[in-house]
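As a plain string of letters, each chain reads:
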Amino acid sequence: IERVFSGVQPTGNLHLGNYLGAIVKFVELQRTHDCIYCVVDLHAITLPQNPEDLKASIREVTAAFIASGVDPRQHIVFNQSQVSEHAELAWVFNCVARIGWLNRMTQFKEKAGKDRENASVGLYAYPCLMAADILVYRATHVPVGEDQKQHLELARDIAQKFNLDFAASIAAHGHGEGFFPLPEPLIQGPATRVMSLRDGSKKMSKSDPSDYSRINLSDDADTIAQKVRKAKTDPEALPSEIEGLANRPEAENLVGIFAALNGETKQNVLKAFGGGNFSAFKAALVDLAVTKLGPIGAEMKRLKNDAAYIDEVLVDGADRARALAHENIVAVKDILGFVR
Ligand code: TYM
């Protein structure tokens, strides 16, 4: 069977990149798959977090899922720390993955910065926990943005090595061909890598010090309008063909955002706006962004005042997630040879 899993870190400032790269896909996949969506709080503490802010962020990401159209009754929404099977399987994967594999992870290098000796061991082992998140449910499909591609490849390598290393025991326990599926990344559409509104060479990110670099899901209509109007562009008119976007990263980014928000292709957007200047295009983009994101921001605000409901969703989701994860972790322990 096909099962979808994905996660979002509760580290503040959920933005348009998270929405278009991931959350929009979460909503779509609900129609065709059983889905599990996780607020990955264990991942958040790989960097220092203030406990009160973390608590607020966990609730905010949950609210963003629900406000965007994730259905926590039909599917599963929970926070990672409440299902201890994630951490248990992550330990097993620490022992499956090779140091050489982790040394190649570009996100670790970026996040650790120059002072690598002083980065947490958790930040280094992060991709093993991410593999555990997915594989503890034996999930088959993982909707993410482009920046998670390398981590997904590592998850596949871990699944494959586990299946190989323990092939005999897996078969002896009646699991046939391999215990873990090789999870497939779903990285599709015109906005798999949304760039900063201030610099088309940088990814839109939660941690950019400039709030004008991103559109937050919590921004009101005026703020969205201001940020789009101030977004960096170049002096040329918009091209009529997609090839004309080459070497114009800011133009390409805004066209991609428009296309994704409107559920169409970049080519289609250029059909409508090619040859025109940026001011007309930006005005249309403001209207579109406010129409699509306004109601989500408003619903997030409403849910912020209903922490009891949010917490109830998370507890119920964790209970259902734990039941699925538990069955798999028991099987893994048997495969490994742990006595019970
Ligand atoms: P995180 O919290 O950084 O981001 C959440 C999701 O948003 C996507 N994303 C973007 N997409 C397009 N353009 C951008 N500028 C942009 N910025 C972020 C991310 O690709 C991601 O899909 N390691 C993950 C969380 C995680 C996870 C998992 C994901 C933990 N366990 C298991 C999938 C499966 C992360 O830090 O995402």
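Residues numbered from 1 in each chain as written. Predicted model: local features only at pLDDT ≥ 70, side-chain atom pairs only at ≥ 80, totals over all residues. Heavy atoms only, no water.

In the nomenclature of an unreviewed UniProt entry, the chain is known as Tryptophan--tRNA ligase of Methylocapsa polymorpha. Its UniProt record, at the heading Sequence similarities (unreviewed entry), says of the chain: "Belongs to the class-I aminoacyl-tRNA synthetase family." Per UniProt, the chain carries the Function (unreviewed entry) text "Catalyzes the attachment of tryptophan to tRNA(Trp)." (UniProt positions renumbered as here; feature names shortened; annotations may be inferred.)

Things to note about the overall build of the chain
Within the chain, the secondary structure is distributed over 14 helices and five strands. In summary, the chain has a C-alpha radius of gyration of 21 Å against a globular reference of 20 Å for 340 residues, a match within 12%. The dimensions of the chain, computed from C-alpha atoms along their principal axes, are 70 × 45 × 45 Å. Taking all 340 residues of the chain together, the buried fraction comes to 50%. Considering only intrachain contacts with a sequence separation of at least 6, the fraction spanning at least 24 residues in the chain is 76%. Here the chain displays about 16000 Å² of accessible surface, and carbon together with sulfur accounts for 51% of that area. Between the centroid of the 38 positive side chains of the chain and the centroid of its 43 negative side chains there is a distance of 3 Å. (Helix = DSSP H or I, 4+ residues; strand = E, 2+ residues; numbered from the N terminus. Rg over C-alpha atoms; globule rule 2.2 N^0.38 Å. Buried < 20%, exposed > 50% of the residue type's maximum accessible area, 1.4 Å probe, protein only. Contact = heavy atoms within 4.5 Å. Areas by Shrake-Rupley, 256 points an atom, 1.4 Å probe, with all protein chains shown as cover. Lys, Arg positive; Asp, Glu negative; His and termini not counted. Charge placed at Lys NZ, Arg CZ, Asp CG, Glu CD.)

Description of the pairing of strand S3 (residues 76-79)
Judged by which residues are buried, S3 turns out to be covered on both faces: Ile76 and Phe78 on one side and Val77 and Asn79 on the other are all buried. Where strand S2 (residues 34-39) and S3 come together, four bridges link them in parallel fashion. Each residue of the ladder has a partner; that of Tyr37, found in S3, is Val77. (Pairing = 2+ DSSP bridges.)

Focus: the site of the ligand
As a structural note, the neighbourhood of the ligand is formed by 28 residues, with Tyr126, Asp133, Asp147, Val194 and Lys206 the closest of them. In the model, a nitrogen atom of the ligand is placed 3.1 Å from a nitrogen or oxygen of the Gly17 main chain. In the environment of the ligand, a nitrogen atom lies 3.0 Å from a nitrogen or oxygen atom belonging to the side chain of Gln148. In isolation the ligand offers 710 Å² of accessible surface; the protein chains occlude 97% of this area. (Near = heavy atom within 4 Å. Polar contact = N/O pair within 3.5 Å; in protein donor to acceptor, adjacent residues only side chain to side chain.)

Things to note about the UniProt feature "binding site: L-tryptophan" (unreviewed entry) in the chain
Mapped onto this numbering, the UniProt entry annotates "binding site: L-tryptophan" (unreviewed entry) at Asp133. Each residue touching Asp133, except ones within four places of it in the same chain, is listed here: Phe5, Val40, His43, Gln80 and His86. A distance of 2.8 Å separates a polar atom in the side chain of Asp133 from a polar atom in the side chain of Gln80.

What to know about unusual backbone geometry
You will see that Arg138, though not glycine, has its phi angle at about 50 degrees, which is positive. Structurally, Arg138 is set in the loop between helix H7 (121-135) and strand S4 (141-143). What makes Arg138 partly exposed here is its relative accessible area of 30%. In this model, Asn247 sits at a positive phi of 60 degrees, which is unusual for a non-glycine residue. Tracing the chain through its elements places Asn247 in the loop between helix H10 (221-230) and helix H11 (249-262).

Side note on the environment of Leu123
Here Leu123 is to be found in helix H7. With relative accessibility at 5%, the residue Leu123 sits in the buried group. When neighbours within four sequence positions are excluded, Leu123 is seen to be in contact with Thr46, Leu47, Phe108, Lys111 and Ala112.

A word on the side chain of Ser6
With respect to the helices and strands, Ser6 occurs in strand S1 (residues 3-8). A distance of 2.8 Å separates a polar side-chain atom of Ser6 from the backbone oxygen of Pro143. Non-local contacts of Ser6, meaning those with residues more than four positions away in its chain, are made with Phe26, Ile36, Tyr37, Cys38, Val142, Pro143 and Val144.

Notes on H11
The terminal C-alpha atoms of H11, which comprises 14 residues, lie 20 Å apart, in line with the 20 Å expected from a rise of 1.5 Å per residue. Listed in full, the buried residues belonging to H11 are Glu250, Ala251, Asn253, Leu254, Val255, Gly256, Ile257, Phe258, Ala259 and Leu261. The inward-facing, buried residues of H11 contact helix H1 (16-29), helix H12 (266-273) and helix H13 (278-304). Positive backbone phi, at 65 degrees, marks Gly263, one or two positions downstream of H11. (Expected span 1.5 Å × (residues − 1).)

Things to note about the nonpolar core
Counting 60 residues, the largest nonpolar core has Tyr19, Phe65 and Leu261 as its most contacted members. Top contributing element to this core by residue count: H13, with 10 residues. A domain-level breakdown of this core finds at least three residues from each of domain 1 (3-192 + 307-336) and domain 2 (211-302). Once residues within four sequence positions are removed from consideration, Tyr19 is found in contact with Val24, Ser68, Leu217, Leu261, Leu293 and Ile296. (Core = buried A, V, L, I, M, F, W, Y, C linked by side-chain atoms within 4.5 Å. Domains from an automatic or database assignment.)

Some points on the packing of H10 against H13
For any two helices packed against each other, the geometry comes down to the angle between their axes and how far apart the axes lie. Interhelical geometry of H10 versus H13 gives an angle of 150 degrees and a closest axis separation of 9 Å. Crossing of H10 over H13 shows right-handed handedness. Between H10 and H13, the residues in contact are Ala221, Ile224, Ala225, Val228, Arg229 and Lys230 and Lys282, Leu285, Val286, Ala289, Val290 and Leu293, respectively. (Axes fitted to C-alpha atoms, helices over the stretch in contact; angles between N-to-C directions. Left-handed = near helix turned anticlockwise from the far one by under 90°.)

A few points about the pattern of salt bridges
Should their charged atoms come close, side chains of opposite charge can pair. Per the counting criterion, the structure on display carries 17 salt bridges. We note a salt bridge from Lys203 to Asp147, for which the minimum N-O separation is 3.0 Å. A residue pair is termed long-range when its members are at least 10 positions apart, and Lys203 in the loop between strand S5 (184-186) and H10 and Asp147 in the loop between S4 and helix H8 (149-165) qualify at 56 residues. Since its relative accessible area comes to 25%, Lys203 is described here as partly exposed. By sharing partners, the salt bridges in this structure join Arg73, Glu312, Asp316 and Arg320 into a single network. (Salt bridge = Lys/Arg side-chain N within 4 Å of Asp/Glu carboxyl O.)

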